[in-house]
Amino acid sequence: MGHQLDSKLADSCYGARLRRIRDDELFSEQKEKPFHISAIGSFAPYFQPYQQWRNDGLKAIRSELEQNREIIAVSLDLKGFYHFVDPMALASAVLHDELGLNLSDEEQAFTADFAKFLKHWSDGAGKFSKKVTSGKVAIPGGLVIGLTASRIISNVLLYRWDKLIQERIAPIHYGRYVDDMFLVLRDTNTISNSQQFMKYLQDRMGAEIVSQVGLADDQIWQIQQGEDFQGQTKIMLQSDKQKLFLLQGRAGLDLLDSIEKEIGELSSEHRLMPSPDQLEDSTAARVLSAAGSVGESADTLRRADGLTIRRLSWSLQLRHVETLARDLPPQEWHEQREEFYQFAHNHILRPDNLFSHFTYLPRLLGFAISLNEWRQAEQIALRAYNSLKKLAIAIPKGQSITVNGVNTKAGKNLWPMVKGTLTWLFIDSASRYYDTNQLLVEQHSKKEQRLASLFLKGIFDSLLEVEALLDFRFDSEDFERKATLVAMADLAKVPYKRILHSKSAGKLVDQRESKKERRILKLIETSQLLNTEVLKGFLRSTRLRRLEPVEAGKRKSESFLPYLFPTRPLTPAEISELAPECVGLRRGDGKPCQEKPSVIWAKYTQALRGVWIKPTLLATEQEDKDMPSLQSSRKYIRIGTDHKNKITIALTNLKTEDKDWSATACNRPNLSRERYQRISELVNQAIRLKPRPDYLLFPELSIPLKWIDSLAARLNTMGISLIAGTEYRHFDNDQLLSEACLVLTDNRLGFPATVKIWQPKLEPAVGEDKELTTKYGKYWALSKLHGKRNKPVYVHNNVHFGVMVCSELQNSKARVKFQGEVDALMVLSWNQDLETFASLIESAALDVHAYTILVNNRKYGDSRVRAPAKESFMRDIARVRGGNNDFVIAATLDIDSLRAFQSRAKRWTNREDSFKPVPEGFKLNKTRRKLPPK
């Protein structure tokens, strides 16, 4: 039912919209896009439509101002909208007719019953409010906040209003995000304040639609779309709380620039890697510290109190520290963490700010618990309780308060109930953030166990105070059991997919209830929501990689449920990493794969994530046309369907010390704050580069394995692919390998995604081998290289390139295999023999006849981009040596011009040629041929 209601909403309604299958190629004849029923989550992520809503309004303003037109920009906010909704309006026949719905008798009966159910809750919420207030005024329950259906209902109840605005006001722009409305209209020179604007609305919409209610000084206006449409719902606007701007000329554009600048600062901070030493200096921190002074620098031209932007800033701060907690050992940033906790005490846990950030308090507490910092967790809980105590003193029984938008008086049970609610949220947070290793394998010291017990006892004691009011029982024994179940249901802070890589994996996998799962699988198959055979095939193919810490005999007993009902499903990149057949490589279980890589990747992603994939799969069609025999040879790994004529390469000039090499050789990688800061800054520099690079390259052995995901996530969000030399991966029996990690952007699924590929270094360098064996007793894991001996050619968005790791460049046979096949050869290096490698790079550029890129440890330098150019001054497009600081340098490679030159029928040269002649015996891969040649 909900998707039918949602489908009738206008495009001006931005927020709380259902996910729909959007493919112009397939559904161009259909006005309504089908509901994406198999998606994980019914609604589109909030930030995308929110940004669209905000940006569309700002674009409309800029367009008018640039044409020297005077405009009025108004942002309206409904007063306590959810609390005054009449749920029975959902069953209104007039509402259904207005929307153009033709419901069956069964659908009408269901809608009526559901409306009654919501009304029953609303009445119950009103009775509950009487327990915490002492006033005689009835407090409405309205709609359940948090229920998914409520989001659709709230949009539907404003359908007629949206329509009337467009018809009777005819604004330049109108957009509504749930209960926030944004209008842009031409200045009539009759409006100078919000009250006058409301009277203008009344004149145009009609007094029966918009009318002022209550006292004139209250400036409350009511929207009445007709009782037959909205039932007893009260929709109110408070004109003195709205923001109205009269904009014209250069002054208007300047205001717009300042707004967009602040949006840009916060947005860019969201995209960047966190800096451990600069948490207090970030834009988000400055906004939170500004105690109300952010009122004029809000991001929707309305938020005079800055509440929304402060909440966004606090969520950014939490996101940063959570990333640091995942990437850094706790001891590496203890001081910065203490400063963060102090920041929270100073700006978040204060009585005057507590309710502004109430929903984030459990997350703050959980952060401390996840790091086993029980004393800090206790301080956070005590400070929150103390702030509530101060509020209770300031607002005793009988004091005026507002509940659900209604003025009333505080009751005796108000503050105990608030404390009980917060306590329950804290318990829920503790169960999700509790260290899974401690829960499942009991890995904790006696001191940690004692502190945890004391903290939890204090929390449960707080719950006992309001047990009768809340009407439920819960104790510490329940907590231990529930926390374990939370982890197994993929509801813990650490995702199920990550727990599988920890010591807890064995305990987690051993919890399967086979009979129940078989019944569930049968029901899923019958519903046709997903292809369970494909899911089973993925689990079989990836079992060894996913369940490496689990005993071999127990791996087959893994539960299907976390994959059938995931809360944080595997990403497309993780799927391609676990199942290399998605990019054309050998399956993890060694069995042959008969389907094309793009098809198998699409099927796996659809089964695991519920995403909709184009039935025709454009990429498959292109593989059929361009490369019928290449995929079968596994020589070519085809990624993405774009066609790029030029690419920009960013080289990192990063210093990695010998002690870092020694640490990774010992399997004790250097995860220091200082090293993380330097690498993060290079990633941020690459993101800020203009033009933005297509690839960011790091030298051999420069990136700890633990940090790859964080770096790649930030880069891939900006459309930048990562190619990095990672530290040693250790195996049993003192074996190890070093690898190049490629995380490449990919659009084959019909939406922006990435694939992750690990290319091993086939042999260690002579000196490297000697050091590893004599000093550390380590040996190259040659047994792991089965089926990986050939260097692939990556065809990424039609750019052909190969990757080699340091000493592999000396293998002339391997190098020359790339001749005619690649546009660029990328070499990740840790090399101090600069003269030899300079000759090799210069030789490779000519004998492979491709752009040759070397990225080397800054300790030795000479990172460069070499072209097979005719003129000597054009051969080094970029070259870097020395320096005391790490930095990024970018170079643009003209792919088309190189291909056009190589596409000549003969090797003969012209005076105006840009490149040296191709070597004798040069054979150009037909997919690189460019016609006409140049």
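Parameters at a glance
Residues numbered from 1 in each chain as written. Predicted model: local features only at pLDDT ≥ 70, side-chain atom pairs only at ≥ 80, totals over all residues. Heavy atoms only, no water. Helix = DSSP H or I, 4+ residues; strand = E, 2+ residues; numbered from the N terminus. Buried < 20%, exposed > 50% of the residue type's maximum accessible area, 1.4 Å probe, protein only. Contact = heavy atoms within 4.5 Å. Areas by Shrake-Rupley, 256 points an atom, 1.4 Å probe, with all protein chains shown as cover. Pairing = 2+ DSSP bridges. Axes fitted to C-alpha atoms, helices over the stretch in contact; angles between N-to-C directions. Core = buried A, V, L, I, M, F, W, Y, C linked by side-chain atoms within 4.5 Å. Phe/Tyr/Trp six-rings, centres within 6.5 Å; stacked < 30°, edge-to-face > 60°. Lys NZ or Arg CZ within 6 Å of the ring centre and 35° of its normal. Polar contact = N/O pair within 3.5 Å; in protein donor to acceptor, adjacent residues only side chain to side chain. Right-handed = clockwise from strand over helix to strand, strands pointing away. Salt bridge = Lys/Arg side-chain N within 4 Å of Asp/Glu carboxyl O. 1 Å grid on protein atoms, 1.4 Å probe; cavity = no way out; pocket = protein on both sides within 12 Å on 5 of 7 lines; lining within 4 Å. Points joined across faces, edges and corners; volume = space filled by probe spheres on them. Nonpolar A, V, L, I, M, F, W, Y, C, P; charged D, E, K, R; others polar. Expected span 1.5 Å × (residues − 1). Parallel < 35°, antiparallel > 145°, perpendicular 65-115°, else oblique. Left-handed = near helix turned anticlockwise from the far one by under 90°. pLDDT = per-residue confidence, 0-100.

### Overview of the overall build of the chain
When you go through the chain residue by residue, the secondary structure sums to 35 helices and 23 strands. For the chain, buried positions account for 54% of its 934 residues. In the chain, 71% of the contacts between residues at least 6 apart in sequence involve partners at least 24 apart. Element-wise, carbon and sulfur atoms account for 49% of the exposed surface of the chain, whose accessible area totals about 42,800 Å².

### A look at the pairing of strand 8 (residues 400-403)
Only one face of strand 8 is buried: it carries I401 and V403, and the other face, with S400 and T402, is open. Hairpin connection between strand 8 and strand 9 (residues 406-409): a loop of 2 residues separates the two successive antiparallel strands, and N404 in this loop has a positive phi of roughly 55 degrees.

### Regarding the sheet that holds strand 22 (residues 876-880)
An order of 10-17-18-19-20-21-22 is seen for the 7 strands of this open sheet, with the pairing classed as mixed. In this open sheet, the two edge strands, each paired with only one partner strand, are strand 10 (636-639) and strand 22. Across this sheet, the average inter-strand angle for adjacent strands is 15 degrees, counted without regard to direction. For strand 20 (residues 851-856) and strand 21 (residues 863-866), the ladder comprises 3 bridges, and the chain directions are antiparallel. Each bridged residue has a counterpart across the sheet, and for T852 the counterpart in strand 21 is R866.

### Observations regarding the nonpolar core
Formed by 93 residues in total, the largest nonpolar core has its most connected members in L697, I723 and F801. In terms of residue count, helix 27 (residues 597-609) provides more of this core than any other element does, 6 residues in total. Sequence-distant contacts of I723, that is, excluding residues within four places in its chain, are made with Y695, L696, L697, F698, C741, L742, L744, F801, V803, M826 and L828. Core analysis: the next-biggest nonpolar cluster, separate from the first, contains 76 residues, F343, L354, L371 and L682 among them.

### Describing the packing of aromatic side chains
Counting across every chain of the model gives 25 aromatic pairs. Ring plane angle 50 degrees and centroid distance 5.6 Å describe the contact between Y50 and W53, whose orientation is recorded as tilted. Taken together, the residues span about one helical turn, with Y50 and W53 both in helix 3 (residues 47-66) at a distance of 3 residues. Look at Y50 and you get buried, because its relative accessible area is 16%. Grouping aromatic residues by their ring pairs yields a cluster made of Y50, W53, Y177 and F182. The ring of F43 has R151 sitting right over it, with the charged end atom 4.1 Å from the ring centre.

### Re the side chain of D862
You can see D862 is positioned in the loop between strand 20 and strand 21. Overall, D862 belongs to the buried group, its relative accessible area being 2%. Looking at D862, its side chain comes within polar contact range of the side chain of R879, at 2.7 Å. Apart from the residues lying within four places of it in its own chain, the contact partners of D862 are L834, A838, L854, R879, V880 and R881.

### A closer look at the pairing of strand 19 (residues 824-829)
Along strand 19, 6 of the 6 residues are buried, which leaves the element largely enclosed by surrounding structure. On strand 19, burial covers both faces: A824, M826 and L828 on one face and L825, V827 and S829 on the other are all buried. With 5 bridges joining them, strand 18 (residues 799-805) and strand 19 adopt parallel strand pairing. Its bridge partner lying in strand 19, V805 is registered against L828. Pairing analysis gives 6 bridges linking strand 19 to strand 20, with the strands arranged parallel. Across the sheet, residue M826 finds its bridge partner in strand 20, namely I853. Where the polypeptide runs from strand 19 across helix 34 (residues 834-849) and back to strand 20, its parallel neighbour, the crossover connection is right-handed.

### Remarks on the pattern of salt bridges
Should their charged atoms come close, side chains of opposite charge can pair. With the rule as written, the count across this model stands at 51 salt bridges. Between K603 and E595 there is a salt bridge whose closest N-O contact spans 2.7 Å. Salt bridges linked by common partners bring E842, D862, R864, R866, D876, R879 and R881 together as one network.

### So, the sheet that holds strand 5 (residues 220-223)
Whether parallel or antiparallel, the strands of a sheet pair through hydrogen bonds between backbone atoms. Read from one edge of the open sheet, 3 strands run 4-5-6, paired in antiparallel fashion. Two strands lie at the open edges of the sheet, namely strand 4 (210-213) and strand 6 (235-238), each paired on one side alone. Strand-to-strand twist of the sheet, defined as the mean angle between neighbouring strand axes without regard to direction, takes the value 35 degrees. As paired strands, strand 4 and strand 5 are joined by 4 bridges and run antiparallel to one another. Paired with V210 across the bridge in strand 5 is I223. On top of the sheet, helix 8 (residues 194-205) reaches strand 4, strand 5 and strand 6; it is set at about 135 degrees to strand 4, its chief contact.

### Points about helix 7 (residues 159-169)
Helical geometry: 3.6 residues make up each α-helical turn, so side chains three or four residues apart lie on a common side. Listed as buried for helix 7 are Y159, R160, W161, D162, L164, I165 and I169. Positioned one or two residues after helix 7, A170 has a phi angle of 50 degrees, which is positive.

### Section: unusual backbone geometry
Residue P691 follows K690 across a cis peptide bond; omega there is 0 degrees. For P691, the location among the structural elements is in the loop between helix 30 (673-688) and strand 12 (695-703). Between L931 and P932 the backbone carries a cis peptide bond, its omega angle lying at -5 degrees. Relative to the assigned elements, P932 resides in the segment after helix 35 (895-902). Of note, the phi angle at D734 is positive, near 60 degrees, even though the residue is not glycine. Secondary-structure assignment places D734 in the loop between strand 13 (721-731) and strand 14 (735-746).

### Some words on empty space enclosed by the protein
Across all of its chains, the model carries 4 cavities of 30 Å³ or more by this definition. There is about 40 Å³ of room inside the second largest cavity. In terms of lining residues, the second largest cavity is bounded by K644, D694, Y695, G719, S721, T745, H796 and N797. Among the residues making up the lining of the second largest cavity, the classes are represented as 1 nonpolar, 5 polar and 2 charged.

### Focus on helix 8
Across its 12 residues, helix 8 extends 16 Å between first and last C-alpha, which sits within 8% of the 16 Å expected from 1.5 Å per residue. Considered for burial, the residues of helix 8 that qualify are S194, Q195, F197, M198, Y200, L201 and M205. The N-cap residue of helix 8 is N193: its side-chain oxygen and the backbone nitrogen of Q195 are 3.2 Å apart.

### Things to note about the layout of surface pockets
Any empty space left between the atoms is revealed when a probe the size of a water molecule rolls over them. Taken as a whole, the second largest pocket encloses approximately 650 Å³ of empty space. Every residue lining the second largest pocket is counted, 29 residues in all, and those nearest its centre are F84, P140, K234, M236 and V406. Every element with two or more residues in the lining of the second largest pocket is listed here: helix 5 (105-132), strand 6 and strand 9. The element contributing the most residues to the lining of the second largest pocket is helix 5, with 4 residues.

### So, the packing of helix 13 (residues 334-347) against helix 15 (residues 374-394)
Two elements in contact, helix 13 and helix 15, have axes whose closest approach is 11 Å; the angle formed by their N-to-C orientations is 10 degrees. Here helix 15 runs roughly parallel to helix 13, going by the angle between their axes. Residues E338, Y341 and H345 of helix 13 form the contact with helix 15, whose participating residues are Q376, Q379, I380 and R383. For the contact of helix 13 with helix 15, a count of residues per class yields 2 nonpolar, 3 polar and 2 charged.

### Considering the side chain of S194
Following the sequence through the fold, S194 ends up in helix 8. Aside from chain neighbours lying at most four places away, what touches S194 is S239, Q242 and L244.

### Side note on the packing of helix 14 (residues 361-370) against helix 15
Packing of helix 14 against helix 15 leaves a shortest axis separation of 7 Å and a crossing angle of 165 degrees. The orientation of helix 14 with respect to helix 15, classified from their angle, is roughly antiparallel. Crossing geometry of helix 14 relative to helix 15 is assigned as left-handed. Residues L364, L365, A368 and I369 of helix 14 lie in contact with helix 15, whose contacting residues are W374, Q376, A377, I380 and A381.

### Description of the confidence of the model for the chain
Overall, the prediction assigns the chain a mean pLDDT of 85, with 87% of residues at 70 or greater. Confidence over residues 24-29 falls short of pLDDT 50; this stretch has 9 contacts with residues more than four positions distant or in other chains. Across residues 625-633, confidence stays below pLDDT 50; counting only partners more than four residues off in sequence or on other chains, it has 17 contacts.

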